[in-house]
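A look at the structure
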Amino acid sequence: MKTLFTTDYKNYETNWPTSSRPSARAIIVAESEKQKSQNSTGSSDSTDSSENSDTTPLSPNDKIALVYAKNLAYYKFPGGGIRDGEENTAALIREVAEETGLEVISDSIKEAGLVRRIMQSEMFPKTIFIQDSFHYFCSVKTGVDGKPLIKKQKLDDYEKEDGFELRFVTVDEAIQTNLHFKSDNPAKLDMIARETLVMEKLCGQKENIPRAFAESLLEKCVAKNPGPWREHSYAVARAAEKIARAVNEKAAVNTTVNPAAHGSKTHILNPDFAYTCGLLHDIGRQEGHTYIAHVYDGYYFLKNLGYDQLAKICLTHSFNLHTMEDYIGKIDISPEQYDELKTLLAATEYDDYDRLIQLLDSTCGADGTQNMEERMNDVKERYGYYPKGKWNKNFELKAYFENLIGRNFYDVIK
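Conventions and cut-offs
- Residues numbered from 1 in each chain as written.
- Predicted model: local features only at pLDDT ≥ 70, side-chain atom pairs only at ≥ 80, totals over all residues.
- Heavy atoms only, no water.
- Helix = DSSP H or I, 4+ residues; strand = E, 2+ residues; numbered from the N terminus.
- Rg over C-alpha atoms; globule rule 2.2 N^0.38 Å.
- Buried < 20%, exposed > 50% of the residue type's maximum accessible area, 1.4 Å probe, protein only.
- Areas by Shrake-Rupley, 256 points an atom, 1.4 Å probe, with all protein chains shown as cover.
- Lys, Arg positive; Asp, Glu negative; His and termini not counted.
- Charge placed at Lys NZ, Arg CZ, Asp CG, Glu CD.
- Axes fitted to C-alpha atoms, helices over the stretch in contact; angles between N-to-C directions.
- Parallel < 35°, antiparallel > 145°, perpendicular 65-115°, else oblique.
- Left-handed = near helix turned anticlockwise from the far one by under 90°.
- Contact = heavy atoms within 4.5 Å.
- Salt bridge = Lys/Arg side-chain N within 4 Å of Asp/Glu carboxyl O.
- pLDDT = per-residue confidence, 0-100.
- Phe/Tyr/Trp six-rings, centres within 6.5 Å; stacked < 30°, edge-to-face > 60°.
- Pairing = 2+ DSSP bridges.

On to the overall build of the chain. The number of helices and strands found in the chain is 16 helices and nine strands. Since a compact globule built from 414 residues should have a radius of gyration of about 22 Å, the 24 Å found for the chain is in line with a globular shape. Overall, the C-alpha framework of the chain stretches about 75 × 60 × 40 Å when taken along its three principal axes. Counting only residues that meet the buried cut, the chain has 51% of its 414 residues in that class. Here the chain has roughly 19,900 Å² of accessible surface; of this, 48% comes from carbon and sulfur atoms. Mean positive and mean negative side-chain charge positions of the chain (51 and 63 charges, respectively) differ by 2 Å.

This part is about unusual backbone geometry. Located in the positive-phi region is Ala-73, a residue other than glycine, with phi close to 65 degrees. Along the chain, the position of Ala-73 falls in the loop between strand E4 (63-69) and strand E5 (74-76). Classification of Ala-73 as partly exposed rests on a relative accessible area of 30%.

Turning our eyes to something else, we now look at the packing of helix H9 (residues 271-280) against helix H13 (residues 352-361). Close contact between H9 and H13 brings their axes to 10 Å; oriented N to C, the two are set at 50 degrees. With respect to H13, the axis of H9 lies oblique. Where H9 crosses over H13, the handedness of that crossing is right-handed. In this structure, H9 contributes Phe-273, Ala-274, Cys-277 and Gly-278 to the contact, and H13 contributes Tyr-353, Leu-356 and Ile-357.

So, about the side chain of Gln-358. Among the structural elements, Gln-358 can be located in helix H13. Note on Gln-358: relative accessible area 1%, which makes it buried. Ignoring any residue separated from it by four or fewer positions in sequence, one finds Gln-358 in contact with Thr-316, His-317, Phe-319, Asn-320, Tyr-350, Asn-394 and Leu-397.

Take the side chain of Ser-19 next. Its place among the elements puts Ser-19 in strand E2 (residues 18-20). For Ser-19, a relative accessible area of 19% gives the class buried. When sequence neighbours within four positions are dropped, the list of residues in contact with Ser-19 reads Phe-124, Thr-127, Ile-128, Phe-129 and Ile-130.

Next up on the list: the pattern of salt bridges. Summed over all chains, the structure comprises 32 salt bridges. Put simply, Arg-194 and Glu-195 hold a salt bridge, and the shortest N to O gap is 3.2 Å. Given the relative accessible area of 8%, Arg-194 is considered buried. Of the residues examined, Glu-195 reaches a relative accessible area of 0% and is grouped as buried. Linking Asp-351 and Lys-206 is a salt bridge whose minimum nitrogen-to-oxygen distance equals 3.9 Å.

In the predicted model, the chain carries a mean pLDDT of 92, and the fraction of residues at 70 or more is 92%. Here residues 43-53 is a poorly scored stretch, pLDDT under 50, and it has 13 contacts once near neighbours within four places are set aside; other chains count.

Bringing the packing of aromatic side chains into the picture now. Aromatic rings considered in pairs are described by the distance between their centres and by the relative angle of their planes. On inspection of all chains with the given rule, the structure shows 12 aromatic pairs. With a centroid separation of 5.4 Å and an interplanar angle of 80 degrees, the aromatic rings of Tyr-74 and Phe-181 are classed as edge-to-face. On the criterion of sequence distance, the pair formed by Tyr-74 in strand E5 and Phe-181 in the loop between helix H5 (171-179) and helix H6 (186-203) is long-range, its members being 107 residues apart. Each member of the pair Tyr-74 and Phe-181 is classed as buried. Three or more aromatic residues joined by ring pairs make a cluster, and in this case those are Tyr-296, Tyr-299 and Tyr-300.

What follows covers the pairing of strand E3 (residues 23-31). In terms of strand pairing, E3 meets strand E6 (residues 79-81) through three bridges, oriented antiparallel. Within E6, the residue paired with Ser-23 across the bridge is Gly-81. Pairing of E3 with strand E8 (residues 128-137) involves five bridges; the strand directions are parallel. Across the sheet, Ile-27 pairs through a bridge with Phe-137, a residue of E8.

Rendered as structure tokens:
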């Protein structure tokens, strides 16, 4: 089975013994957006579908069968642990029946992808915990009316406590609900983040993190290396969210005033994703007081968690001119690592999230500073220089976003 992504916290020693608990999870499409489109045109030719439908197995508008925890407000794929000696597909059929009352048609089961999680065990000391979650596409039995047959659930105590119930919702609705899930339970946050990322990967959406999980992740990393980078990260995150909302407000006004412009290139930013980008752009600082190493460490930390697009922000936030030659600070990585970063950066195409975090990283200080020139002068005083090209680029970025928001930059982020 192909791997969708691996979440590796690397918070363990490689020589520790391992424990595992594999699981099987069902992706049950009740109503396909692609199929609806084909039915409406009377065509069954797949070439009539959108490019996204051809390249991703799910559409954000596909309606799928999910377990909704009504007492905690989150969605998960039906499924659970595979018992010793049990076949994966047998576990899938059993778990779906227990959690939803749906009966999987065994001949319909097809591989979707594997998600692997690797971390220090929470149950056993000095042990590596590996969880392989095997995801399968499958269909369920229906009645003569074409509607799914639903029998009584057989829930465990914790499932009853969370309030498990079957719901048919769009992929996007489930993602948006999960992104706003809140909990003080780290294991629950981790599980919801995993389920959300699977949905995002399968339908080709940007890989975002539930805000509560992103904040929990930052706090854990700050605990390893306390410092003002925490306040700086929150300042950049809050400012990024405000700018994203302002960009969208201006775009909405422009579309209302000039409907003919609708369909032309319109700048729209996801405020939640912008917040997460700002919050985690310096996550590499968990490894200590470092310079360019925090770019390298942050990039691979988020890559190892399966968040390729957020890892990109860690890579790009220090290089507004798309070059590493004018980095301000020490080169505290090996020549091989430096060349690796250089190659990665050269192959990276910047978007408005990269530009936004570059601008705000140069604007928001841990002390509450929200003045770009003042912050750049502070950097210049501490390091003895500030490359003129980088200085001018920051003002160019400021003008760029002021054009998108139609307002003074500082009025928005204050």
